[in-house]
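# Overview (structure and organization)
One-letter residues, chain by chain:
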Amino acid sequence: MAEVCGDDPVCSTLAGYFQNAAWAPLVASIITIILILLIAVVVRNLSHRLITRVVNRAAASSSITGRLRKGRATDGLDVLLHERRKQRAETMGSVLRHVASIVIMGTAVLTVLDRLTIPIAPLLTSVGILGVAIGFGAQELVKDFIAGMFMLMEDQYGVGDVIDSGSAIGTVEAVTLRVTRLRDADGRVWYIRNGTITRVGNESQGWSRAYIDVPVAYDADVPAVRDLLGRVAEELWNDPEYRESVIVEEPAVFGIEQISGTSVIFRVSAKTLPSRQADVARELRMRVKAALDGAGIALAA
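Residue numbering note: each chain is counted from 1, following its sequence as written. Residues qualify for local features only when their pLDDT is at least 70, as the model is predicted, and side-chain atom pairs are given and counted only at 80 or more; totals for whole chains, interfaces and linings, by contrast, use all residues. With hydrogens and water set aside, each side-chain value is computed from the structure's full complement of heavy atoms.

Okay, the overall build of the protein next. To qualify as a helix, a DSSP run of H or I must reach at least 4 residues; to qualify as a strand, a run of E must reach at least 2; elements of each kind are numbered from the N terminus. Broken down by element type, the protein carries nine helices and eight strands. Relative accessibility decides the category of a residue: with a 1.4 Å probe and only protein chains considered, values under 20% of the type maximum give buried, values over 50% give exposed, and everything between is partly exposed. The buried share of the protein, taken over its 301 residues, is 35%. A separation of at least 24 residues holds for 61% of the contacts in the protein among residues at least 6 apart in sequence. Computed by Shrake-Rupley with a 1.4 Å probe, the accessible areas treat only the displayed protein chains as cover when residues are assessed. If you sum the accessible surface of the protein, you get close to 17,800 Å²; carbon and sulfur atoms cover 61% of it. Whether two residues touch is decided by their heavy atoms; if any such pair falls within 4.5 Å, the residues are in contact.

We now examine the confidence of the model for the protein. Values of pLDDT, the confidence the predictor places in each residue, fall between 0 and 100. When the pLDDT values of the protein are averaged, the result is 80; 80% of them are 70 or greater. pLDDT under 50 marks residues 63-73. Its contacts with residues more than four places away, or in other chains, come to 23 contacts.

Looking now at the sheet that holds strand 2 (residues 169-175). Overall, antiparallel pairing links the five strands, which are arranged 4-3-2-1-5 in an open sheet. This sheet does not close on itself; its edge strands, each paired only once, are strand 4 (189-193) and strand 5 (201-202). Two strands are counted as paired when DSSP detects at least two bridges linking them. In this sheet, strand 3 (residues 179-183) lies alongside strand 2 in antiparallel orientation, the contact comprising four bridges. Paired with valine 172 across the strands is leucine 182, a residue of strand 3.

A few words now on the pattern of salt bridges. For this analysis, a salt bridge means a side-chain nitrogen from Lys or Arg found within 4 Å of a carboxyl oxygen belonging to Asp or Glu. Under the defined criterion, the tally for this structure stands at 14 salt bridges. Of the charged contacts in the structure, one is a salt bridge between glutamate 173 and arginine 181, with a shortest N-O distance of 3.3 Å. In this structure, glutamate 173 and arginine 183 form a salt bridge, with 2.5 Å as the shortest nitrogen-oxygen distance. Residue glutamate 173 is found in strand 2, and its partner arginine 183 is found in strand 3; the two are separated by 10 residues along the sequence. Here the salt bridges do not stand alone but share partners, grouping Glu140, Asp144 and Arg193 into one network.

The next subject is the packing of aromatic side chains. Pairs were defined over the aromatic rings of Phe, Tyr and Trp, the Trp ring being its six-membered one, requiring ring centres within 6.5 Å. Orientation was assigned from the angle between planes: stacked under 30 degrees, edge-to-face over 60, tilted for the rest. In total, this model carries zero aromatic pairs according to the counting rule given. A ring is scored as having a charge over it whenever the NZ atom of a lysine or the CZ atom of an arginine sits within 6 Å of its centre and within 35 degrees of its normal. Cation over ring: lysine 271 sits above tryptophan 207, and NZ or CZ is 4.2 Å from the ring centre.

Turning our eyes to something else, we now look at the nonpolar core. By size, the foremost hydrophobic cluster in this structure holds 24 residues, and its most contacted members are Ile212, Val214, Leu229, Ile247, Phe266, Val280 and Val288. Those elements that place two or more of their residues in this core are strand 6 (208-217), helix 8 (222-238), strand 8 (263-272) and helix 9 (277-295). Those residues in contact with isoleucine 212 that lie beyond four places of it in its chain are Phe266, Arg267, Val268, Ala281, Leu284, Arg285 and Val288. Tyr157, Ile163, Val172 and Leu182 belong to the second largest nonpolar core, which has 17 residues in total. Put simply, buried Ala, Val, Leu, Ile, Met, Phe, Trp, Tyr and Cys residues joined by side-chain atoms within 4.5 Å make one nonpolar core.

So, about the pairing of strand 4. With five bridges joining them, strand 3 and strand 4 adopt antiparallel strand pairing. Bridged to leucine 182 within strand 4 is tryptophan 190. Taking the residues between adjacent antiparallel strands as the criterion, strand 3 and strand 4 are bridged by five residues, where glycine 187 takes a positive phi near 90°.

All right, on to the sheet that holds strand 8 then. If you walk across this open sheet you meet the three strands as 6-8-7, and the pairing is antiparallel. The open sheet has two edge strands, strand 6 and strand 7 (252-259), and neither has a second partner. Looking at each pair of strands side by side, their axes are set apart by 25° on average, direction ignored. As paired elements, strand 6 and strand 8 share 10 bridges and run antiparallel to each other. Of the residues in strand 8, the one forming a bridge with aspartate 213 is arginine 267. Axis lines are fitted to C-alpha atoms, over the contacting stretch for helices. Their N-to-C directions set the angle, which ranges from 0 to 180 degrees. In this fold helix 9 packs onto strand 6 and strand 8, with an angle of close to 25° to the strand it touches most, strand 6.

Residue placement: valine 175 occurs in strand 2. Assessed through its relative accessible area of 6%, valine 175 is described here as buried. Each C-alpha atom, one on valine 175 and one on tyrosine 191, is 9.9 Å from the other, the two residues being 16 residues apart in sequence.

Moving on, we come to a nonpolar patch on the surface. Nonpolar side chains (Val, Leu, Ile, Met, Phe, Trp, Tyr) are joined into patches within 5 Å and like charges within 9 Å, using only residues with over 30% relative accessible area and no salt bridge. A grouping of Ile30, Ile31, Ile34, Leu35, Leu38, Ile39 and Val43 is seen on the molecular surface, where their side chains present a nonpolar patch of about 600 Å² in accessible area. Among the structural elements, isoleucine 30 can be located in helix 3 (residues 24-60). Its relative accessible area of 43% is what places isoleucine 30 among the partly exposed residues.

Written out as structure tokens, the structure is:
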């Protein structure tokens, strides 16, 4: 029995139990292969579940909503942040699950081949050579994937953000490991490989700032104009449609921004929620114009 089965405990058990050593090695090999594959499938499923749970929990706990506003929550922003975290979690989870599947099932296949006494050293050598060849031929693709992974892990930008990628400026419509899809102000769609993006300016992350410049005549009453602009800023801050739902801090009048022989320019600034600076700037312009008209102060040419 020992001569037939060698050190295989499964074969020895079968031969001893059925009192037949002739077919014991074959049955033992089949049983061992089935066990290896079953264990591999179980480990793969467990790893997938663990990866999904960990990634989703990490994405859910990385919310920055509380840091963006000191007041009540904004439903639209919450939905955007939720979708962004969900997309990042799904992408990273997909990558990790594929890596886990390749490692686990690859190890199982090599173990089965070794069990069948098939030499795996030449196979490993061939795979290594093939991998080196593919690596040289797909350097740009690998670069794009690595850049995409770090971009998602670091949350540099997500769907709905307005970004300046260097080659194009627009709203992010889709993010994958290989490309980022943007739509600019003219409606043109840009497909940018992640590996070619060397810098990103994100206009939608954290907060934005709206500011307007108000030019008045050189001989205008500077303290009066500054007080007038301060009242406009205070009224906007006290407006319930804007306070802490669009504007996160009280607008400020910076005073004289520029001065020339014909005009004095005041600057009014307001910190807003991401991508809402244009709306706030328009509202400020309308209110400033109404206030200047009411006070009889003309804008400089």
